[in-house]
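Working through the structure, step by step
Each chain, letter by letter, is given below.
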Amino acid sequence: MALVEINFDGLVGPSHNYAGLSLGNLASASNAGEVSYPRAAALQGLGKMQHNIGLGLTQGLFAPLPRPNPVLLRALGLESIDESDAAQRRLRAAAWSASSMWTANAATVSPAPDTADGRCHMTAANLVTMPHRSQEWPDTVRQLRLAFSNSSAFAVHDAVPPCFGDEGAANHMRMCASHDAPGLEIFVYGTTGGAFPARQHEQASRAVARLHGLNPERCLFVEQSPDAIAAGAFHNDVVAVANERVLFTHEQAFADPEGTYAAIREKLPEAEIVVVPASVVSLGDAIRSYLFNAQLLTLPTGEMGLVIPLEAWETPSVRSWLDGHVASNGPIRKVLPVDVRQSMANGGGPACLRLRVVADPATVDPRFLLDEAKIARLENVVAMHWPEQIDPADLGGESLARSVIGARAALLEALGLPELA
């Protein structure tokens, strides 16, 4: 069985809007109420996926979840609302949220080399901290169990109980000599963050490790820096990312950085830890630019490339550090900027848009894997059916609802996924 890393990106859904629902996500809050462009957003996402295929990487896709979500609206007694009630309008906006596009929050993934039964284990994230995201996991599990239905290769778990918040792979890193080798799994949890909530609970992370049958000696549980949370790093992947033997991190990512680095080196002696000093790139610049919310990838040549948002490339302090690192022959050999501005404006960069799964592609339902021809078909669907723009004030309108529901139906037909209708 040939194990490779597959990046499964979430396609930006046709209800993509800027309702500003995510406390602690500075980009989401600062763009609340602005007009969004779902068609452009989905095409940007597909462009990133095509870019990765062009690099010679295996690329997958997850479909948007059903929106507006009638299950949530019924559960809240909001099948009709009082338009003068701001709280009701906000809850309705939650039912329209396209946030499932950020599949780094879909689940936590432990590949077969790490687990007791030799299968790839996935636990859907409960995302309980934010109402608009807490609705996602039942539909996420449906999709995961369809894409990874081969029970000899995969085990998909329901979310951990919502008394413990779990945000999925955005707070989980895996380091290893190579993707197909046994790894060190690093779970990052939060405790406090000033005015902002810490979304990942330590006990949720520990429960996931047990569910996945991980060796306790090959796990680390690390506290995220409260300063990072308070500055707007609502997930660890806003300030740190790992790939194989390399950890790429901001100096202020962890509550105990030196202790974290020492523990990693003890368990994985070949680890290379690349620390960006705060004196060179401030925590504010790191978060605004999403330097670390990047895809750190092993390219077919064996070199590592860093897929960053254009916003990072356009930030002077970040650009200077990246140029210096590449020139110094550091482990990151290529910097690859991509345009995901519509996602970035809602607080999600290249890393947010993908879930990393180390598996044999032959064991995955092929409807969820992409090639350039399939991307071209999907671009046509998006161009024909995705709304060009959405004003948050339009949410709840019957005409927009028909458009959004019809767009998703057209996508599922193009993908041959009637099970998700």
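Residues numbered from 1 in each chain as written. Predicted model: local features only at pLDDT ≥ 70, side-chain atom pairs only at ≥ 80, totals over all residues. Heavy atoms only, no water.

1. Here we look at the UniProt feature "active site" (unreviewed entry) in the chain
As annotated in UniProt, the feature "active site" (unreviewed entry) corresponds to Glu167, His235 and Cys352 in the numbering used here. Despite a sequence span of 186 residues, these residues sit close together in the fold, their greatest C-alpha distance being 11.4 Å. On the accessibility criterion, Glu167 (2% relative accessible area) is buried. Setting aside chain neighbours within four positions, we find His235 in contact with Asn105, Glu167, Ala170, Asn171, Arg199 and Gln224. (UniProt positions renumbered as here; feature names shortened; annotations may be inferred. Buried < 20%, exposed > 50% of the residue type's maximum accessible area, 1.4 Å probe, protein only. Contact = heavy atoms within 4.5 Å.)

2. Quick word on the nonpolar core
In this structure, Phe148, Leu247 and Val357 are the most contacted members of the largest nonpolar core, which totals 78 residues. Val281, Phe292, Trp321 and Ile332 belong to the second largest nonpolar core, which has 20 residues in total. (Core = buried A, V, L, I, M, F, W, Y, C linked by side-chain atoms within 4.5 Å.)

3. Digging into the packing of aromatic side chains
Taken as a whole, this structure holds eight aromatic pairs when the rule is applied. Where Phe62 meets Phe148, the ring centres are 6.4 Å apart and the plane angle is 80°; that geometry is what we call edge-to-face. Separated by 86 residues along the polypeptide, Phe62 in strand β2 (residues 58-62) and Phe148 in the loop between α6 (137-147) and β5 (154-157) bring together distant segments of the chain. Both residues of the pair, Phe62 and Phe148, count as buried. Here the aromatic rings of Phe187 and Phe221 are separated by 5.2 Å at their centres, their planes lie at 15°, and the arrangement is stacked. (Phe/Tyr/Trp six-rings, centres within 6.5 Å; stacked < 30°, edge-to-face > 60°. Helix = DSSP H or I, 4+ residues; strand = E, 2+ residues; numbered from the N terminus.)

4. Thoughts on the sheet that holds strand β8 (residues 219-223)
A sheet is described by the order of its strands in space; here three strands give the open sequence β6-β7-β8, paired in mixed fashion. In this open sheet, the two edge strands, each paired with only one partner strand, are β6 (172-176) and β8. Put simply, the sheet's adjacent strands are angled 25° from each other on average, direction ignored. With five bridges connecting them, β6 and strand β7 (residues 183-189) associate as antiparallel partners. In the sheet register, Arg174 faces β7, and the bridge partner there is Glu185. Helix α9 (residues 257-267) rests against β6, β7 and β8 of the sheet, and its axis sits at about 175° to β8. (Pairing = 2+ DSSP bridges. Axes fitted to C-alpha atoms, helices over the stretch in contact; angles between N-to-C directions.)

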